[in-house]
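For reference, the chains in residue letters:
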Amino acid sequence: MGRPAGEVADIFRAHGPAWRQAQHAHLSLGQLKVMSAIEQCRSAALGGHVLRCEACAHAEIAYNSCRNRHCPKCQGRAAQRWLEARHTELLPVDYYHVVFTLPAPISAIAYHNKALIYGLLFEIAAETLRTIAADPRHLGARIGVTLVLHTWGSALTHHPHVHGIVPGGGLSLDAERWVACKPGFFLPVRVLSRLFRRRFLEELAQAHRTGRLHFFGEHAHLADASAFADWLAPLRDCEWVVYAKRPFAGPAAVLAYLSRYTHRVAISNQRLVALDEHGVTFRWKDYRAQGKTRIKTMTLSTNEFMRRFLLHVLPCGFHRIRHYGLIANGERKDKLAKARELLHAIPDADAQSQATDASVPTVEPTFVCPHCGASMIIIDIFLRGQLIRAPPRHRAEA
């Protein structure tokens, strides 16, 4: 794929200051920080270093990255580091992809209750999978699951859902044997959907009773208990989307999938088609269409594009990748070792060598010359620009 027509950073640099001023009462501190980080990413404002090729003496300046998790340019290295850490955790079994999606009415109130509702989405989805899997009528085993939160649709609309990556089996309840699911079938999605719907609505009602939900604008009337109960009633009867895809084609395919999904942001620079007087044109996927007509283009005004992009800024400190069950952080090492023992499997040679040689420095150069391919070295470093501050005011003497 060729170079993109522009970057999200270009849009924020050109139109962000005026839009910030017009929307100053409606932007959160987190959104302002994301805008600032993207605008300054890989620019002189963050400092950088000067590189020189050891072979051909080619020199170039490299500016520092913002490393903000919402920046389209800063996720590649973070995803690679995360995948390297996950490589040794894969088991020699089929892996399944399960998606839990919130209905549109709940998505609408989630925007002003992100930490609460996104947190419930994680916890209830994981609880649902583990509960149904532990039921002897289905699998009768303790499973592990990795959940990744996405809050966007392809057109940048607010569409919260979690992608789950689940091994096709788990430890028996007495931890004495490995229980595998049926080939090509994990758990019944209708059963998952019903339990997910019931438990989520129970927790949502409890959050309302304890005053943890906040409502604004057209949803302000939902602060009243009876109005909220009437609003919940149709959600108890409608279908909640829980989708299970066919198993991946081996552990390598799991890693390939995760590399595309774990550190994805609302839109990548590669999807941008044009930045002009008409606004921002980008590619999006229409899932209702089939074949080549599925990929379409959409043009939004720059203000609307920035508004939609910032819909997906997560609360500070909120983790968008979480592990549960056998691969929960507190018990991952012991449970995976037990699973491999029962599966009569050991980590592959590559994984073992990576673990053994973790302390050995890599021979691959960090920076490579674009002309001759030789390694480049840092010959100078310059710090980020310092903001000019006004002199302190003299305090009046008492």
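How each quantity is defined
Residues numbered from 1 in each chain as written. Predicted model: local features only at pLDDT ≥ 70, side-chain atom pairs only at ≥ 80, totals over all residues. Heavy atoms only, no water. pLDDT = per-residue confidence, 0-100. Helix = DSSP H or I, 4+ residues; strand = E, 2+ residues; numbered from the N terminus. Contact = heavy atoms within 4.5 Å. Salt bridge = Lys/Arg side-chain N within 4 Å of Asp/Glu carboxyl O. Buried < 20%, exposed > 50% of the residue type's maximum accessible area, 1.4 Å probe, protein only. 1 Å grid on protein atoms, 1.4 Å probe; cavity = no way out; pocket = protein on both sides within 12 Å on 5 of 7 lines; lining within 4 Å. Points joined across faces, edges and corners; volume = space filled by probe spheres on them. Nonpolar A, V, L, I, M, F, W, Y, C, P; charged D, E, K, R; others polar. Axes fitted to C-alpha atoms, helices over the stretch in contact; angles between N-to-C directions. Parallel < 35°, antiparallel > 145°, perpendicular 65-115°, else oblique. Left-handed = near helix turned anticlockwise from the far one by under 90°.

Some remarks on the confidence of the model for the chain
No. 1: Scored by pLDDT, the chain has a mean of 86; 89% of the residues are at 70 or more.
No. 2: Mean pLDDT across the elements of the chain ranges from a minimum in helix H11 (residues 349-356), with 45, to a maximum in helix H5 (residues 114-134), with 97.
No. 3: Predicted confidence is poor over residues 349-362, with pLDDT under 50, and the contacts of this stretch with residues over four places away or in other chains come to 5 contacts.

Focus on the pattern of salt bridges
No. 1: Counted by the stated rule, this structure contains 16 salt bridges.
No. 2: Between Glu 127 and Arg 199 there is a salt bridge whose closest N-O contact spans 2.6 Å. Pair noted here: Glu 127 is in helix H5 and Arg 199 is in helix H6 (residues 189-209), with a separation of 72 residues, a long-range link.
No. 3: Salt bridges sharing common partners tie together Glu 127, Arg 198, Arg 199, Glu 202 and Glu 203.

Quick word on unusual backbone geometry
No. 1: Non-glycine residue Arg 42 carries a positive phi angle of around 55 degrees.
No. 2: Following the sequence through the fold, Arg 42 ends up in the loop between helix H2 (29-40) and strand E1 (48-53).
No. 3: At Arg 67, a residue that is not glycine, the phi angle is positive and equals roughly 60 degrees.
No. 4: Its location among the elements puts Arg 67 in the loop between strand E2 (59-63) and helix H3 (76-86).
No. 5: When its relative accessible area of 74% is taken as the criterion, Arg 67 is described as exposed.

Structural notes on empty space enclosed by the protein
No. 1: This model, assessed by the stated rule, comprises 2 cavities of 30 Å³ or more.
No. 2: Along the wall of the largest cavity there are 15 residues; nearest its centre are Glu 89, Leu 90, Tyr 95, Thr 146 and Ile 327.
No. 3: Every element with two or more residues in the lining of the largest cavity is listed here: H3, strand E6 (158-167) and helix H8 (251-261).
No. 4: By residue number, the principal contributor to the lining of the largest cavity is H8, which donates 3 residues.
No. 5: Forming the boundary of the second largest cavity are Arg 69, His 70, Thr 151, Trp 152, Arg 264, Val 265, Ala 266, Phe 309, His 312, Val 313, Leu 314 and Arg 320.
No. 6: Residue classes in the lining of the second largest cavity are distributed as 6 nonpolar, 3 polar and 3 charged.

A closer look at the packing of helix H1 (residues 8-22) against H2
No. 1: Running from N to C, H1 and H2 point in directions that differ by 135 degrees, and their axes come no closer than 8 Å. Compared by their axis directions, H1 and H2 come out oblique. Here the hand of the crossing between H1 and H2 comes out left-handed. Residue-level contacts link Val 8, Ala 9, Phe 12, Arg 13, Gly 16, Pro 17, Trp 19 and Arg 20 of H1 to Leu 32, Met 35, Ser 36, Ile 38 and Glu 39 of H2.
No. 2: Among the residues forming the contact of H1 with H2, the class breakdown is 8 nonpolar, 2 polar and 3 charged.

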